[in-house]
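Here is what each chain is made of, one letter per residue.
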Amino acid sequence: MQVEYDLSPFAGNTYTVRPGDSVTRVANRFGITIDELMRANNLTTTTLQIGQVLVIPGGPANNPAPANSVYERVTGTANFVRRVRGALDWLQANDVEAYNRANTYITVIRVSPYRDRATASPLQGGGCLVRALAQPSMPVEMVAALIYHEATHCMQFATVGLLLPKAAEVDAYKQQIAFMERHGFSAET
């Protein structure tokens, strides 16, 4: 089942929550902070309900984020899309630089055909396909770390070209380990 979301529910200074939305995603879409969105709507939790109408501070002057963000380039089952978008939300909330790498260099994210391996590959004519892991048993932070790893490969393709497989993996794992250390992942993870 492929999932597509309508990205144009903005009307005046309100926004109707759609499937797959989160406080982070809505705030980013309209160029406001999470705190601004929560204050304007007297939210005491970050949980949103589909169909909930939110007030957007600043009204019509706010423009939605470009429709071509990495969020809209995730395809697969509804559960897969939701898990990957949750990981992207985590990246935005915890490491904007890592999110920007994924948003800049990943052309499309699809489910990995492998049970235990994510991959990145250059697309003919440019761009990068990521086949991601987002199993229900994986914490959102781990899905985010894996997306960051594959985004690093996509960045390699775009900036350096094809590297020898071993050199590419060593570089991507070094960056992923540094990412995980920055965010307090356990040594066991």
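Reading guide: rules and limits
- Residues numbered from 1 in each chain as written.
- Predicted model: local features only at pLDDT ≥ 70, side-chain atom pairs only at ≥ 80, totals over all residues.
- Heavy atoms only, no water.
- Pairing = 2+ DSSP bridges.
- Helix = DSSP H or I, 4+ residues; strand = E, 2+ residues; numbered from the N terminus.
- Axes fitted to C-alpha atoms, helices over the stretch in contact; angles between N-to-C directions.
- Expected span 1.5 Å × (residues − 1).
- Buried < 20%, exposed > 50% of the residue type's maximum accessible area, 1.4 Å probe, protein only.
- Parallel < 35°, antiparallel > 145°, perpendicular 65-115°, else oblique.
- Left-handed = near helix turned anticlockwise from the far one by under 90°.
- Contact = heavy atoms within 4.5 Å.

Our focus in this paragraph is the sheet that holds strand 4 (residues 108–111). Taken in spatial order, the three strands of this open sheet run 4-6-5, and their pairing is mixed. Only two strands of the sheet have a single partner each, and these edge strands are strand 4 and strand 5 (119–122). Ignoring strand direction, the axes of neighbouring strands in this sheet form an average angle of 25°. Judged from the four bridges that link them, strand 5 and strand 6 (residues 128–132) form a sheet pairing that is antiparallel. From the neighbouring strand, T119 faces strand 6, where its bridge partner is R131.

Over its 20 residues, helix 5 (residues 140–159) extends 28 Å from the first C-alpha to the last, a length consistent with the 28 Å expected when each residue adds 1.5 Å. With 15 of 20 residues buried, helix 5 lies mostly within the body of the structure. Looking one or two residues past helix 5, G161 carries a phi angle of roughly 100°, positive in sign.

This part is about the packing of helix 5 against helix 6 (residues 165–182). One way to put it is that helix 5 packs onto helix 6 with a least axis distance of 9 Å and a crossing angle of 140°. The angle between helix 5 and helix 6 falls in the class oblique. For the pair helix 5 and helix 6, the sense of crossing is right-handed. Of helix 6, the residues touching helix 5 (which contributes M142, A145, L146, Y148, H149, T152, H153, M155 and Q156) are A168, E169, D171, A172, Y173, Q175, Q176, F179, M180 and R182.

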